[in-house]
Structures are given as structure tokens and as C-alpha cells.
Amino acid sequence: MTPRARPMTREDRREALVEATIPLLHEHGRGVTTKLIADAAGVAEGTIFRVFDSKDELVTAALEKALDIEPFLADLESVDVDLPLRERLVDLCSRLQERFRGIFSLMTAMGMVGPPKSHRHMEEGRRRAEKAMVAVVEPDADWLTCTPDQLVHMLRMLTFSGTHPHISDGHLLTPDQIVDTLLDGVLRKKDS
């Protein structure tokens, strides 16, 4: 006889249900059912209501987790600051695009036009992310015609608009295109 798995704590069960719900929100949006969630988590449907008061409470917790900036901040800390500036910017842009794509996908599936009102500390998180990105750029500040803060702002704006499927009219920009535009512009070099 196979031994039974150790029972999960209430917090572990909540976390497992939240983790199982996030991909379902991307796929089904607000139409996700507790049956789909329970099947994905490998539990009985009633188990959801032992740790969440309602499906809405679970969906809100899953949205909070999906929008949490802490994993992105940790990701930014792993950028290799010894790489040349162009490569660091392409790496930053790639990480920003991954974050933006996840957020855009979730917001579209959920029919959202902005983050949920309950999403805490969003502005603070954005400032922390900008600070981390500025730290990646600062070693080359003397080579820039703008401040590292301004470069990061432009990188964020170009990446946001170049990654958003509606703003870009479906013509998404690659990290290399974004960084090349920032660092080199779009004019051809004239032969001297």
C-alpha cells in the first residue's frame, strides 16, 4: 500500500491553489470555474472553499501573485553588469518584455484595462524596478548623452509600446530593435 502524502498546511494549500489558478486565468479569464481550478490543482472542488471564502477571493489572490513585482526584481538583480552596455540593455529589454507580455496576456484574458485596485504598492514596485535597471546602466554613464535614469525611462517606454499587441498594431519590436533604436537611432550612417 502506498503511504499517504503528508497533509498540506492551510497556507501551502492556498499557495498551491493560487499557482494552479494563474495559468487558468490566462486561458479562461473570469470564466474560469472552480471545477477547472480543482482539476488543475488535483483536489476536490470543496477543498477550495476550505481555504478561500469564494472563487472571487481565490481569483484576486491569483491576480495579486501574477502581478507581484518581487520575482521581477529578483530577476533584474541577475543581469550581468560586466557585459557590454548594449548586451545589458538587450538583457534588460528581454526581461521587461517577458514581464509585460505576462501582464498584457492576463489583463486581456481578464477584461482588465488597468491593474486591480487591490494591487498594493504598484508605484513603489515600479520605482524599485527602475532603480535596479538604472544600477545596470550606471557603469556606462560617462558614455551617455542622457542620464542613466532617462535611458531607463526611454527603454521602458519603447519596450512597453513595442511589446503591447494593440499599441504596436501587432508589429512587436525585438529587444535588439529597441536597443538599436535607443543607442544608434534610425538614420543610416553617411560615408565620410
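Now for a description of the structure that goes with this document. (Residues numbered from 1 in each chain as written. Predicted model: local features only at pLDDT ≥ 70, side-chain atom pairs only at ≥ 80, totals over all residues. Heavy atoms only, no water.)

This paragraph deals with the packing of helix α1 (residues 10–28) against helix α4 (residues 55–67). Put simply, α1 and α4 touch, their axes get as near as 8 Å, and they point 80° apart. With respect to α4, the element α1 is oriented roughly perpendicular. On α4, the residues that touch Arg 14, Glu 15, Leu 17, Val 18, Glu 19, Thr 21, Ile 22 and Leu 25 of α1 are Glu 57, Leu 58, Val 59, Ala 61, Ala 62, Leu 63, Lys 65 and Ala 66. Counted by class, the contact of α1 with α4 contains 10 nonpolar, one polar and five charged residues. (Axes fitted to C-alpha atoms, helices over the stretch in contact; angles between N-to-C directions. Helix = DSSP H or I, 4+ residues; strand = E, 2+ residues; numbered from the N terminus. Parallel < 35°, antiparallel > 145°, perpendicular 65-115°, else oblique. Contact = heavy atoms within 4.5 Å. Nonpolar A, V, L, I, M, F, W, Y, C, P; charged D, E, K, R; others polar.)

Side chains that are three or four residues apart share a direction in an α-helix, a result of its 3.6 residues per turn. For α1, which comprises 19 residues, the first-to-last C-alpha distance of 26 Å matches the rise-based estimate of 27 Å (1.5 Å per residue) to within 8%. Of all the bends in α1, the largest measures some 25° and sits at Ile 22, one to four residues before the proline Pro 23. Residues of α1 that are buried make contact with α2 (34–41), α3 (45–51), α4 and α6 (85–110). Where α1 terminates, the next one or two residues include Gly 29, which has phi positive at roughly 60°. (Expected span 1.5 Å × (residues − 1). Bend = angle between axes of the 7 residues up to and from the residue.)

Attention now moves to the pattern of salt bridges. Under the counting rule described, the total for this entry stands at 14 salt bridges. Arg 86 is paired through a salt bridge with Asp 180; the nearest N and O atoms lie 2.7 Å apart. Of this pair, Arg 86 sits in helix α6 while Asp 180 sits in helix α9 (residues 175–184), placing them 94 residues apart in sequence. Note on Asp 180: relative accessible area 33%, which makes it partly exposed. In this structure, Asp 184 and Arg 86 form a salt bridge, with 3.1 Å as the shortest nitrogen-oxygen distance. Within this pair, whereas Asp 184 is found in helix α9, its partner Arg 86 is found in helix α6, the two being separated by 98 residues in sequence. (Salt bridge = Lys/Arg side-chain N within 4 Å of Asp/Glu carboxyl O. Buried < 20%, exposed > 50% of the residue type's maximum accessible area, 1.4 Å probe, protein only.)

The next subject is the side chain of Glu 130. With respect to the secondary-structure elements, Glu 130 resides in helix α7 (residues 122–137). Within the local environment of Glu 130, its side chain forms a polar contact with the side chain of Arg 156, the two groups lying 2.8 Å apart. Setting aside its immediate chain neighbours within four residues, Glu 130 contacts Val 152 and Arg 156. (Polar contact = N/O pair within 3.5 Å; in protein donor to acceptor, adjacent residues only side chain to side chain.)

Contact pair α6 / α7: the axes reach a minimum separation of 10 Å and the direction vectors enclose 160°. Here α7 runs roughly antiparallel to α6, going by the angle between their axes. As for how α6 packs across α7, the hand of that crossing is right-handed. Contacts between α6 and α7 involve Leu 85, Arg 88, Leu 89, Leu 92 and Leu 96 on the former and, on the latter, Met 133, Val 136 and Val 137. Classifying every residue of the contact of α6 with α7 by side-chain character gives seven nonpolar, no polar and one charged. (Left-handed = near helix turned anticlockwise from the far one by under 90°.)

So, on to the state of the cysteines. A full pass over the atoms with the stated rule returns zero disulfides. Cys 93 carries a free sulfur, and the closest cysteine sulfur to it, the one in Cys 146, is 15 Å from it. Under the relative-accessibility criterion, Cys 93 is labelled buried at 0%. (Disulfide = S-S within 2.5 Å.)

Turning to the environment of Ser 94, a few remarks are in order. Residue position: Ser 94 is located in helix α6. Overall, the relative accessible area of 30% leaves Ser 94 in the partly exposed class. Each C-alpha atom, one on Ser 94 and one on Arg 13, is 33 Å from the other, the two residues being 81 residues apart in sequence.

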